[in-house]
Amino acid sequence: MPQDSYLVGLIGSGIGPSLSPALHEREADRQGLRYLYRLIDIDTLRTGPESVGDLVRAARDLGFDGLNITHPCKQLVIEHLDALSPGAEALGAVNTVVFEDGRSIGHNTDVTGFAASFARGLPDVPLEHVVQLGAGGAGAAVAHATLTLGAGHITVVDAMPDRSADLAASLNRHFGTGRAAAATPDALPRLMAGADGVVHATPTGMAAHPGLPFPAELLRPGLWVAEVVYRPLETELLRTARAARCAVLDGGGMAVFQAADAFRLFTGREPDTARMLADITELTGVARIRN
């Protein structure tokens, strides 16, 4: 008899506002599944990210079917897993762990989630020269996705030069020499003047980090802007970009498609992404942004 009951969770820091439980549980309810999604917040537990291995093992021993992993544990969890999918291994980050026959298998659905959202929301934009802000865990995933989608060249901009340099080097190893470069924020005026589009993958714009990640005057008609932040769905960057007549993509699609891919890994069942996109609109309380 097929399994019809699932216990999954999310490990990370400050994850109280996460919409992952609602996205997963709503879709499971529609499919007639018993599905409990629990938050395992290292802040609430008063432990550090280095405890992720112990938490993964405890979840496995307690009968969890799988876990999502978020900041700041996506890289740290890898050494505690039994195997990685090719995508997670190439990226060096895991956001989904599936327990199979007592083994823990790491996957990354951030890459596939961003790629699916981008292909849906900005299907015909030019991709020859892309600038990305942010080289953290989310930044690594969306940079891989952007190059997978066919971008010619991506410049990764981060306030921590070592981090952007490491990501650019990793991208060049994986996609070929010359596909990626690193830069610091002072280079943004020059870079954006020659870019087709901008991917934003820093916390700026979240409720706790309001504001713009760069001066508004760097935006111009013809530039596209893709956002990773989804709380709020309409960030100040997207409002400003739309006013500047840029094509825009909000972060809701990535949140939905990565959750859908994780749901598929956990259950083996096909999620209805159209229904899940409607869910995130309702859950965020904001109409989805239209170009």
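It should be emphasised that the depicted structure is a prediction, and the values quoted were computed from it without experimental measurement.

Colleague: Whenever I open this one, the pairing of strand β11 (residues 224-227) confuses me. Can you help?
Modeller: Working note: regular strand, side chains alternate between the two faces of the sheet. Both faces of β11 are covered, namely the face carrying W224 and A226 and the face carrying V225 and E227. Here four bridges tie strand β10 (residues 197-200) to β11, and the two strands are oriented parallel to one another. Paired with H200 across the bridge in β11 is E227. For β11 and strand β12 (residues 247-249), the ladder comprises three bridges, and the chain directions are parallel. Paired with A226 across the bridge in β12 is L249. Handedness of the crossover joining β11 and β12 through helix α8 (residues 236-243): right-handed.

Colleague: Which parts of the structure should I look at to understand the sheet that holds strand β6 (residues 103-107)?
Modeller: The sheet built from six strands is open, its strands ordered β2-β1-β3-β5-β6-β4 with mixed pairing. On the outer flanks of this sheet lie β2 (34-41) and β4 (83-84), each paired with one strand and no other. Sheet analysis places β4 next to β6, joined by two bridges and oriented parallel. In the sheet register, L84 faces β6, and the bridge partner there is G106. Across the sheet, helix α9 (residues 252-267) touches β1 (5-12), β2, β3 (66-69), β5 (96-100) and β6, and the angle it forms with β5 is around 10 degrees.

Colleague: Can you help me understand helix α5 (residues 137-148) in this one?
Modeller: Because the α-helix completes a turn every 3.6 residues, residues three or four places apart line up on one side. Here α5 contains twelve residues, and its C-alpha end-to-end distance of 17 Å stays within 8% of the 16 Å for a straight helix at 1.5 Å per residue. With nine of twelve residues buried, α5 lies mostly within the body of the structure. Among all positions of α5, only G139, A140, A141, V142, A143, H144, A145, T146 and L147 are buried. Among the residues trailing α5, G150 stands out with phi positive, at a value near 110 degrees.

Colleague: Please explain the pattern of salt bridges as it appears in this structure.
Modeller: Proximity of charged atoms lets side chains of opposite charge pair with each other. Per the counting criterion, the structure on display carries 13 salt bridges. Between R57 and D54 there is a salt bridge; the shortest N-O distance is 2.7 Å. Residue R57 and its partner D54 are located together in helix α2 (residues 52-61), separated by three residues, close to a single helical turn. Residue classification places R57 among the partly exposed positions, given a relative accessible area of 32%. With a closest N to O distance of 2.9 Å, E234 and R242 form a salt bridge. One network of salt bridges, with partners in common, ties together R26, E27, R30, D272, R275, D279 and E282.

Colleague: Honestly, the environment of G102 in this entry has me stumped. Any pointers?
Modeller: Of note, G102 is situated in the loop between β5 and β6. Put simply, G102 and E236 are 134 residues apart on the chain and 45 Å apart in space, counted from C-alpha to C-alpha. Excluding its chain neighbours within four sequence positions, the residues that come into contact with G102 are R60 and D82.

Colleague: Which parts of the structure should I look at to understand the nonpolar core?
Modeller: Across soluble globular proteins, nonpolar side chains show a tendency to be buried alongside one another. Ranked by size, the top nonpolar core spans 31 residues in total, and within it F114, F118, L171, W224 and A226 carry the most contacts. Broken down by secondary-structure element, the contributors of at least two residues to this core are α4 (109-121), α5, β8 (153-157), α6 (161-175) and β11. At six residues, α5 tops the list of elements feeding residues into this core. Ranked by size, the runner-up nonpolar core spans 21 residues in total, among them V131, L218, V225 and A241.

Colleague: Is there a simple way to think about α8 in this case?
Modeller: When α8 is considered as a whole, its buried residues turn out to be L237, L238 and A241. Buried residues of α8, viewed axially, fall in a sector of 95 degrees; they line one side. Just past α8, the residue R245 takes up positive phi, approximately 65 degrees.

Colleague: Explain the UniProt feature "domain: SDH C-terminal" (unreviewed entry) in the protein here, please?
Modeller: Sites flagged by UniProt as "domain: SDH C-terminal" (unreviewed entry) map to residues 253-277. In this annotation, residues 253-277 is assigned 80% helix and 0% strand; the end-to-end C-alpha distance for the span is 7 Å.

Colleague: Help me understand the environment of L219, please; the structure alone is not making it clear to me.
Modeller: With respect to the secondary-structure elements, L219 resides in the loop between β10 and β11. Exposure remark for L219: the relative accessible area of 9% places this residue in the buried category. Put simply, L219 and I15 are 204 residues apart on the chain and 32 Å apart in space, counted from C-alpha to C-alpha. Beyond its immediate sequence surroundings of up to four residues, L219 is in contact with M192, F214, V225, L237, T240, A241, A244 and C246.

Colleague: Quick question: what am I supposed to make of the packing of helix α1 (residues 20-30) against α9 here?
Modeller: Each pair of packed helices can be summarised by the angle the axes make with each other and by the distance between the axes. For the pair α1 and α9, interaxial distance at closest approach is 10 Å and the crossing angle is 55 degrees. Taken together, α1 and α9 sit at an angle that is classed as oblique. Crossing of α1 against α9: the hand is right-handed. Only A255, V256, Q258, A259, A262, F263 and F266 of α9 make contact with α1, whose side of the interface consists of S20, L23, H24, E27 and A28.

Calculation rules
Residues numbered from 1 in each chain as written. Predicted model: local features only at pLDDT ≥ 70, side-chain atom pairs only at ≥ 80, totals over all residues. Heavy atoms only, no water. Buried < 20%, exposed > 50% of the residue type's maximum accessible area, 1.4 Å probe, protein only. Helix = DSSP H or I, 4+ residues; strand = E, 2+ residues; numbered from the N terminus. Pairing = 2+ DSSP bridges. Right-handed = clockwise from strand over helix to strand, strands pointing away. Contact = heavy atoms within 4.5 Å. Axes fitted to C-alpha atoms, helices over the stretch in contact; angles between N-to-C directions. Expected span 1.5 Å × (residues − 1). Salt bridge = Lys/Arg side-chain N within 4 Å of Asp/Glu carboxyl O. Core = buried A, V, L, I, M, F, W, Y, C linked by side-chain atoms within 4.5 Å. Arc of directions from axis to C-beta. UniProt positions renumbered as here; feature names shortened; annotations may be inferred. Parallel < 35°, antiparallel > 145°, perpendicular 65-115°, else oblique. Left-handed = near helix turned anticlockwise from the far one by under 90°.

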